[in-house]
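# Analysis of the macromolecular model
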Amino acid sequence: MSETNDTQEQPKVEIVVKNFGPIAEANIDLRPLTVFVGPSNTGKTYFATLVYALQSMSNSIISSEQIIPFHSSMIFLLLNEIFNGQAIPETELHKILRQLNNSEESYKYSDLPIEMRNRLHSIIKEHVNFKGQLEDELKNCFNLNSYSEIMRLDGEQDEHTILLKASIQNQEYWNYRICITESKINIDTSNDQDMVIIPRKCSVVAELCNDNSILIKSMSVPNIRSMYYLPAARSGIMHSHRIIASSLVKQTTRVGIEQLPDIPTMSSVIADFLERIILFEENSKPNGEMKNLANLLETSLLDGLILLKPSASGYPDFRYLPQGTNHEIRLSQASSMVSELAPLVLYLRGYVKPGDTLIIEEPEAHLHPGAQADMAVILVRLVRVGVKVIITTHSDWLLQEIGNLIRAGELEKSGEEVSDLPTSLQTEEVGIWHFQKNGMVEEIPYNRIDGIEPMEYLDVAEDLYNRSARLQNRLEELKGEKKRESE
């Protein structure tokens, strides 16, 4: 296998929810490949949207290298306010200075003197507006008028909760408990002694001032990673994005607004996707790994190229060029598979980089069973180059191939080479979460024999087989009765 992925320092991000939309209870940790399966209307999209909202809130929840609890500018502000004006012995200040300048070790909450810990807690409450950001992101991502719209309705609960935790190698970086009622949101931040303030590999330049305070002069942090969401509606948007954009522009005029006083709204998941498609430009310096995967999608699944053409309207015109021809066609004239996969090709070319997170709803949509299995390989190859992947799916074929890729990983661990698969998965790299009608979410453990299929898939297969057998038996009985009657 030529692909590699450095999984060291991968954060464990755990999200616990209660009474959230269709979900009664879920405790999910996000892995390099996270898969949500289960019947429709059980909360898969709800949870995926929540992940996107939380990431949008802080822009730092998930990173393939480190977890940054705040933007670098916020850390800079926090440290300066904590250290300045504190009556700390000079020996203690020198100790803190050495710790700050040591980028090989993280700087934890417990490293601060007690009075500084208290100051940090008050500064966080004063300066970090997570509550306002979260309120905005939940309303935007879920397109809400009231928080009651995402509260579980089959019960008498008057609030729901979200617990968000992040850690690396069992060391907690932060912990938020979010309580949401119909009218408000409350957020409690953990004061755990091991909570990390400055992650390892962050370099801090600091010096001791004449008044025995520490001046934080500069600070470098790992790159903040991005998250992208490909919604289930992407095929329709690809067919009509120019019409949608044109209509929206006209509605922003004064006359347009007056004619539509009650302007309909869309979720920010859809809006972000639409904006990226409308403003899409080819990356002048594309990431080589992402470009190769985009090309692989075109050659192995699409049997053609996705092209970007200029148009008089100024909005991008996407075309499809089938292999073996010189005739380009609009996406609306191509198969539904092409318009479904075109956004993934474009995102790999223009946006997604190793270390980012990519959420895809139903990547198997409009794909032949064989192509669904091929899509599983594409997703795992994304994981191999460092992209965190979260999907919702109903595809038995996709799950079966993921199971095969895990088996290939087991063989590789034993020193065997698997020639018929281009990539592999380690068991700990994948989490399959089963959303159920009763509102509970449970992990489906990998089984070497059964793979990772939900039991309900096996039940459906068994029911279909039994029904087929009964019908065939009855047909044979009728055939025998007619034969006896004719005799």
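Scroll up to find the structure.
First, a word on scope: everything that follows refers to the structure included in this document.

Reading the values: rules and limits
- Residues numbered from 1 in each chain as written.
- Predicted model: local features only at pLDDT ≥ 70, side-chain atom pairs only at ≥ 80, totals over all residues.
- Heavy atoms only, no water.
- Phe/Tyr/Trp six-rings, centres within 6.5 Å; stacked < 30°, edge-to-face > 60°.
- Helix = DSSP H or I, 4+ residues; strand = E, 2+ residues; numbered from the N terminus.
- Buried < 20%, exposed > 50% of the residue type's maximum accessible area, 1.4 Å probe, protein only.
- Salt bridge = Lys/Arg side-chain N within 4 Å of Asp/Glu carboxyl O.
- Pairing = 2+ DSSP bridges.
- Axes fitted to C-alpha atoms, helices over the stretch in contact; angles between N-to-C directions.
- Contact = heavy atoms within 4.5 Å.

## What to know about the packing of aromatic side chains
Scanning the entire structure with this criterion turns up 13 aromatic pairs. Pairing Phe20 with Tyr46 gives two aromatic rings, centres 5.9 Å apart and planes at 85 degrees, and the pair type is edge-to-face. On the criterion of sequence distance, the pair formed by Phe20 in strand β1 (residues 12-20) and Tyr46 in helix α1 (residues 44-58) is long-range, its members being 26 residues apart. Geometrically, the ring pair formed by Tyr52 and Tyr229 is edge-to-face, given 5.6 Å between the ring centres and 85 degrees between the ring planes. Linking Tyr52 in helix α1 with Tyr229 in strand β11 (residues 227-230), this pair joins segments that are 177 residues apart in sequence. Grouping residues by exposure puts Tyr52 and Tyr229 together as buried. Put simply, the rings of Tyr228, Phe273, Phe280, Phe318, Tyr347 and Tyr351 touch in pairs and so form one group of aromatic residues.

## Notes on the pattern of salt bridges
What the rule picks out here adds up to twelve salt bridges. The partner of Lys309 in a salt bridge is Glu328, and the shortest N-O contact between them spans 3.1 Å. Pair noted here: Lys309 is in strand β12 (residues 304-309) and Glu328 is in the loop between β13 (317-322) and β14 (329-330), with a separation of 19 residues, a long-range link. The partly exposed category is assigned to Glu328, whose relative accessible area is 26%. Put simply, Arg474 and Glu481 hold a salt bridge, and the shortest N to O gap is 3.6 Å. Bridged by salt links that share partners, the residues Asp29, Arg31 and Glu443 form one connected network.

## Points about the sheet that holds strand β17 (residues 430-435)
A sheet is described by the order of its strands in space; here six strands give the open sequence β11-β15-β16-β3-β17-β18, paired in mixed fashion. Of all the strands in the sheet, the pair left with one neighbour each is β11 and β18 (441-443). Ignoring strand direction, the axes of neighbouring strands in this sheet form an average angle of 15 degrees. Sheet analysis places β17 next to β18, joined by three bridges and oriented antiparallel. Residue pairing across strands places His434 opposite Glu442, the latter belonging to β18. Running over the sheet, helix α12 (residues 396-413) touches β3 (33-37), β16 (388-392) and β17 and is turned about 145 degrees from β3.

Geometric descriptors of this kind do not, in isolation, establish any biological role.
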